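Given next are the chains, with one letter for each unit.
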Amino acid sequence: MPSAPRRTHQAAPPREDVLAAVMATVAERGLDGLTMAGLGREVGMSSGHLLYYFRTKDELLLRTLEWSENRLGAERRALLARPGGARERLDAYIGLYLPAGHRDPHWTLWLEVWGRSQNADDDARARQAAIEGAWHRDLVVLLAEGVSRGEFRPVDPDRFAVRLRALLDGFSVHVTVGIPGTGRERVLVQAAEFLDETLTPGRGPDATGVTTAF
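Nothing here was measured: the structure is a model prediction, and the numbers come from that model.

Undergrad: Even after reading the chapter, I still don't get the side chain of Arg 165, so can you show me in this structure?
TA: Structurally, Arg 165 is set in helix 8 (residues 157-177). A polar contact of 3.4 Å, which involves the side chain of Arg 165, links it to the side chain of Tyr 97. Those residues in contact with Arg 165 that sit more than four places away from it in its chain are Tyr 93, Tyr 97, Glu 132, Trp 135, His 136 and Leu 139.

Undergrad: Which parts of the structure should I look at to understand the nonpolar core?
TA: In terms of nonpolar packing, the biggest core is built from 53 residues, with Leu 39 and Leu 90 touching the most fellow members. No other element matches the eight residues that helix 4 (residues 57-80) contributes to this core. With near-sequence residues (within four places) excluded, Leu 39 lies in contact with Val 18, Ala 21, Val 22, Leu 34, Leu 50 and Leu 60.

Undergrad: Honestly, the environment of Phe 152 in this entry has me stumped. Any pointers?
TA: Mapped onto the fold, Phe 152 is located in the loop between helix 7 (122-148) and helix 8. Classification of Phe 152 by relative accessible area gives buried; the value is 5%. For the pair Phe 152 and Arg 87, spaced 65 residues apart in the sequence, the C-alpha separation amounts to 8.1 Å. When neighbours within four sequence positions are excluded, Phe 152 is seen to be in contact with Ala 86, Arg 87, Leu 90, Leu 142, Leu 143, Gly 146, Val 147, Leu 199 and Pro 201.

Undergrad: Explain helix 6 (residues 105-116) here, please?
TA: An α-helical turn contains 3.6 residues, so a residue and the one three or four places further along point in the same direction. If you check helix 6, its first and last C-alpha atoms are 17 Å apart, about what twelve residues at 1.5 Å a residue would give, namely 16 Å. All buried positions along helix 6 are accounted for by His 106, Trp 107, Thr 108, Leu 109, Trp 110 and Val 113. In this structure Asp 104 caps helix 6, since a side-chain oxygen of it lies 3.0 Å from the backbone nitrogen of His 106.

Undergrad: When you look at the layout of surface pockets in this model, what are you seeing that I'm missing?
TA: A water-sized probe rolled over the atoms picks out the places where empty space is left. Roughly 250 Å³ of volume is contained in the largest pocket. What lines the largest pocket is a set of 16 residues, among which Thr 56, Asp 58, Glu 59, Ala 120 and Ala 124 lie closest to the centre. Contributing elements (two or more residues each) for the lining of the largest pocket: helix 4, helix 6 and helix 7. Across the lining of the largest pocket, the residue classes tally to five nonpolar, four polar and seven charged. As a volume, the second largest pocket reaches approximately 200 Å³. Elements with a contribution of two residues or more to the lining of the second largest pocket: helix 4, helix 5 (86-97), helix 6, helix 7 and helix 8. By residue class, the composition of the lining of the second largest pocket is ten nonpolar, two polar and five charged.

Undergrad: Looking at this model, I keep getting lost on the packing of helix 5 against helix 7. Mind explaining?
TA: The relative placement of two packed helices comes down to the angle between their axes together with the axis-to-axis distance. Here helix 5 crosses helix 7 at 160 degrees, and the two axes come no closer than 9 Å. As summarised for this structure, helix 5 and helix 7 are arranged roughly antiparallel, according to the angle between their axes. Judged by the twist between their axes, the crossing of helix 5 over helix 7 is left-handed. The residues of helix 7 that touch helix 5, namely those facing Ala 86, Arg 89, Leu 90, Tyr 93, Leu 96 and Tyr 97, are Trp 135, His 136, Leu 139, Leu 142, Leu 143, Glu 145 and Gly 146. Here the residues of the contact of helix 5 with helix 7 are counted per class, giving nine nonpolar, two polar and two charged.

Undergrad: Help me out: how do you make sense of the packing of helix 4 against helix 7 in this one?
TA: Across the interface, helix 4 lies against helix 7 with an axial gap of 11 Å and an inter-helix angle of 10 degrees. One finds that helix 4 runs roughly parallel with respect to helix 7. Across the interface between the two elements, Glu 59, Leu 62, Arg 63, Leu 65, Glu 66, Glu 69, Leu 72, Arg 76, Arg 77 and Leu 80 from helix 4 touch Ala 124, Arg 127, Gln 128, Ile 131, Ala 134, Trp 135, Asp 138 and Leu 142 from helix 7. Within the contact of helix 4 with helix 7, the residues separate by chemical class into nine nonpolar, one polar and eight charged.

Thresholds, definitions, all that
Residues numbered from 1 in each chain as written. Predicted model: local features only at pLDDT ≥ 70, side-chain atom pairs only at ≥ 80, totals over all residues. Heavy atoms only, no water. Helix = DSSP H or I, 4+ residues; strand = E, 2+ residues; numbered from the N terminus. Polar contact = N/O pair within 3.5 Å; in protein donor to acceptor, adjacent residues only side chain to side chain. Contact = heavy atoms within 4.5 Å. Core = buried A, V, L, I, M, F, W, Y, C linked by side-chain atoms within 4.5 Å. Buried < 20%, exposed > 50% of the residue type's maximum accessible area, 1.4 Å probe, protein only. Expected span 1.5 Å × (residues − 1). 1 Å grid on protein atoms, 1.4 Å probe; cavity = no way out; pocket = protein on both sides within 12 Å on 5 of 7 lines; lining within 4 Å. Points joined across faces, edges and corners; volume = space filled by probe spheres on them. Nonpolar A, V, L, I, M, F, W, Y, C, P; charged D, E, K, R; others polar. Axes fitted to C-alpha atoms, helices over the stretch in contact; angles between N-to-C directions. Parallel < 35°, antiparallel > 145°, perpendicular 65-115°, else oblique. Left-handed = near helix turned anticlockwise from the far one by under 90°.

Set out below in structure tokens:
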């Protein structure tokens, strides 16, 4: 009697490969094109196996966002460690913060994860807050350095960082969804003008029309 054929088990791809495939799918087809079945075909896994590793689609999206943020975080730390003035590095920080353009995959994913966070559990919300906290802390340190060197007006770094990031978030949503007149290049100009008006030493409210009591 012939022996039964031996079953072979295909090794699951590394989780980073799965997360990279999620990001590539979002970039190519948008979130509407991301399904567990389609992703499974892309990485050679069943949708059941994907759910075993990630439990829910919400968790898969959050893990992908965290993976993408880790890569951006490395870039951010590198640019903040560059030699040179604080304003030059602040401009670079803003350039990294803002989306690359309409349907930027990282920002598309960010908007989706935050849209789902209304019903997220405490752990997921804490992980989302950790993402925001990393950007905020680095910005506060950079602003404090610029103030201490006299490159920036004597603003409160934490309060200014909250307001600057709120401005950048609003611009970023507009760029990502493609609102006319809010492309990346125009937003970069707007952000630079805002910094000139609010951070340049010696420029008061009369000259800019902007109150700088941050």
